[in-house]
Amino acid sequence: MATTPLPHSRTEPDGSAVIRVLSYNIRSMRDDTGALARVIGACAPDLVLVQEAPRFFRWRKKLARLAAASGQMILSGGAPAAGPALLCSLRATVERTEDVLLPLTPGLHRRGFATAVVRFGGARLGVLSCHLSLDGDERHEQGGLLLDRVAALGTPHAVAGGDLNDLPGGRTFQRLSASLQDGWTTRPWGAEHTWIRDAPHRRIDAVFATKGIEVLGCGVPLGLPGVTETDLRAATDHLPVLAALRVPAS
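Going along each chain's sequence as written, the residues are numbered from 1 onward. This being a predicted model, a pLDDT of at least 70 is required before a residue's local features are given, and a value of 80 or more before pairs of side-chain atoms are given or counted; all residues contribute to the totals for chains, interfaces and linings. Computation of side-chain values: all heavy atoms of the structure, hydrogens and water removed.

A. Seen up close, the nonpolar core. In terms of nonpolar packing, the biggest core is built from 32 residues, with Tyr24 and Leu36 touching the most fellow members. Per the convention used, a helix needs a DSSP run of H or I reaching at least four residues, while a strand needs a run of E reaching at least two, with both numbered from the N terminus. For this core, the secondary-structure elements that each account for two or more residues are strand S2 (17-25), helix H1 (33-43), strand S3 (47-51), helix H2 (59-69), strand S5 (85-88), helix H6 (229-235) and strand S13 (241-247). Top contributing element to this core by residue count: H1, with six residues. Note on contacts: a residue pair qualifies if any of its non-hydrogen atoms lie within 4.5 Å across the two residues. Leucine 36 has contacts with Tyr24, Ile26, Met29, Leu66 and Ala235, leaving out every residue within four places of it along the chain. Ala114, Phe120, Leu125 and Ala243 belong to the second largest nonpolar core, which has 27 residues in total. Among buried residues, those of type Ala, Val, Leu, Ile, Met, Phe, Trp, Tyr and Cys that are joined through side-chain atoms within 4.5 Å constitute a nonpolar core. Each residue gets one of three labels from its accessible area relative to the maximum for its type: buried under 20%, exposed over 50%, partly exposed in between, using a 1.4 Å probe on protein chains only.

B. Representation of the environment of leucine 222 in the model. As for its position among the elements, leucine 222 is in the loop between strand S12 (214-219) and H6. With residues up to four places along the chain from it excluded, the contact list for leucine 222 reads Ala191 and Leu232.

C. How the structure looks around the packing of helix H3 (residues 136-152) against helix H4 (residues 171-179). Whenever a helix is involved, its axis is fitted only over the stretch in contact; in every case the axis is a line through C-alpha atoms, and angles between N-to-C directions fall within 0 to 180 degrees. Following both chains from N to C, one finds H3 and H4 inclined at 15°, their axes separated by 8 Å at the closest point. The angle between H3 and H4 falls in the class roughly parallel. For the pair H3 and H4, the sense of crossing is right-handed. Contacts between H3 and H4 involve Gly136, Asp137, Arg139, His140, Glu141, Gly143, Gly144, Leu146 and Leu147 on the former and, on the latter, Arg171, Thr172, Arg175, Leu176 and Ser179. Each residue gets one of three labels, nonpolar for Ala, Val, Leu, Ile, Met, Phe, Trp, Tyr, Cys and Pro, charged for Asp, Glu, Lys and Arg, and polar for the others, Gly among them. Within the contact of H3 with H4, the residues separate by chemical class into three nonpolar, six polar and five charged. Angle categories: roughly parallel below 35 degrees, roughly antiparallel above 145, roughly perpendicular from 65 to 115, and oblique for all the rest. Crossing handedness is defined as follows: a turn of the near helix away from the far one that is anticlockwise and smaller than a right angle gives a left-handed crossing, while the clockwise case is right-handed.

D. Broad picture of a positive patch on the surface. Patch membership is restricted to residues that have no salt bridge and whose relative accessible area is over 30%. Joining uses 9 Å for like charges and 5 Å for the nonpolar side chains Val, Leu, Ile, Met, Phe, Trp and Tyr. Where accessible areas are quoted, they stem from the Shrake-Rupley method and a 1.4 Å probe; at the residue level, only the protein chains shown are allowed to cover. Just to be clear on terms, a salt bridge is a Lys or Arg side-chain nitrogen sitting within 4 Å of an Asp or Glu carboxyl oxygen. When charges are counted, Lys and Arg contribute as positive and Asp and Glu as negative, whereas His and the chain ends are disregarded. Working definition for charges: the position is that of NZ of Lys, CZ of Arg, CG of Asp or CD of Glu. Together, Arg58, Lys61, Lys62 and Arg65 make up a region of like positive charge exposed at the surface. By the element assignment, lysine 62 lies in helix H2.

E. Spatial organisation of H2. Regarding H2, the residues found buried are Trp59, Leu63, Leu66 and Ala67. With its buried residues spanning 100° around the axis, H2 presents them on a single face. Opposite the buried face of H2, by more than 90 degrees, sit the exposed residues Arg65, Ala68 and Ala69. Buried residues along H2 sit in contact with H1, strand S4 (73-77) and S5. Directly after H2, the chain includes glycine 71, whose backbone phi takes a positive value near 80°. As used here, the arc belongs to the directions running from the helix axis to the C-beta atoms.

F. Geometry of the pattern of salt bridges. Per the counting criterion, the structure on display carries 16 salt bridges. The residue glutamate 95 makes a salt bridge to arginine 119 at a minimum N-O spacing of 3.8 Å. Residue glutamate 95 is found in strand S6 (residues 93-101), and its partner arginine 119 is found in strand S7 (residues 112-120); the two are separated by 24 residues along the sequence. Taking the relative accessible area as the measure of exposure, glutamate 95 reaches 37% and is therefore partly exposed. In this structure arginine 119 comes out as partly exposed when scored by relative accessible area, which is 33%.

G. Layout of the layout of surface pockets. Within this model, the largest pocket holds a volume of roughly 430 Å³. Lining the largest pocket are 21 residues; nearest its centre among them are Ser28, Glu52, Arg55, Arg111 and His131. Here the lining of the largest pocket is built from residues that sort into five nonpolar, eight polar and eight charged. A pocket, in this scheme, is an open set of points on a 1 Å grid over the protein atoms alone with protein on both sides within 12 Å along at least 5 of 7 lines, while a cavity is a set where a 1.4 Å probe fits but cannot get out; residues line either one if an atom lies within 4 Å of a point. Grid points are joined across faces, edges and corners, and a volume is the space filled by probe spheres set on the points.

H. Inspection of H4 at higher detail. Regarding H4, the residues found buried are Thr172, Phe173 and Leu176. Buried positions in H4, seen along its axis, are confined to an arc of 100° and lie on one side of it. Where the residues of H4 are buried, they touch H3, strand S10 (181-182) and strand S11 (205-209).

Written out as structure tokens, the structure reads:
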């Protein structure tokens, strides 16, 4: 686990961009929303890949309040994507967004992807937030659909992340990491486990990047200035994953 500070966002003279990407299951904002906003704000992300965003009554207003309180804007997702959402900072220039509903398996929850294409400086980037199924077979199929969707974004570089409901040794996690860089495995930083509500603690949330992106650090932001253990435990039932990435100019 790396202990060096995570790089701050910046645009390089060659047009490449260093960005911070946060993936966070916010449990429909049913917990301490003040703590949640403080965690997101302290991580200073350029992109927030949200899972379990509010989906029902006044869902957009709730998500907008969280975005404003944490220094972000709504990019896409929420109810139209069945839970995943994307937030972004003012650094992002938005090219397009698309909410994708996945095939529904009778008796299981509807799932979807929140996607976008954005620019930071001279870097053009595809983005996808996901919350995969609890059912192993459906989850594996959704992993393939995720890879297809990343390719269909048509960008030279892409980042995808979310609540995988799978362990690093699981077949869906391995399917994704065979094609994409798993941020924690590539350049571990912070802490590993994202689910610590019961034993054993485990990593079921991740940030992935396409091969041309340089992973500068990725993990749970324990010890990051402004991110307290009290807020992390009060905000939601998952711990967030924060990644710093260098995206080449397109």
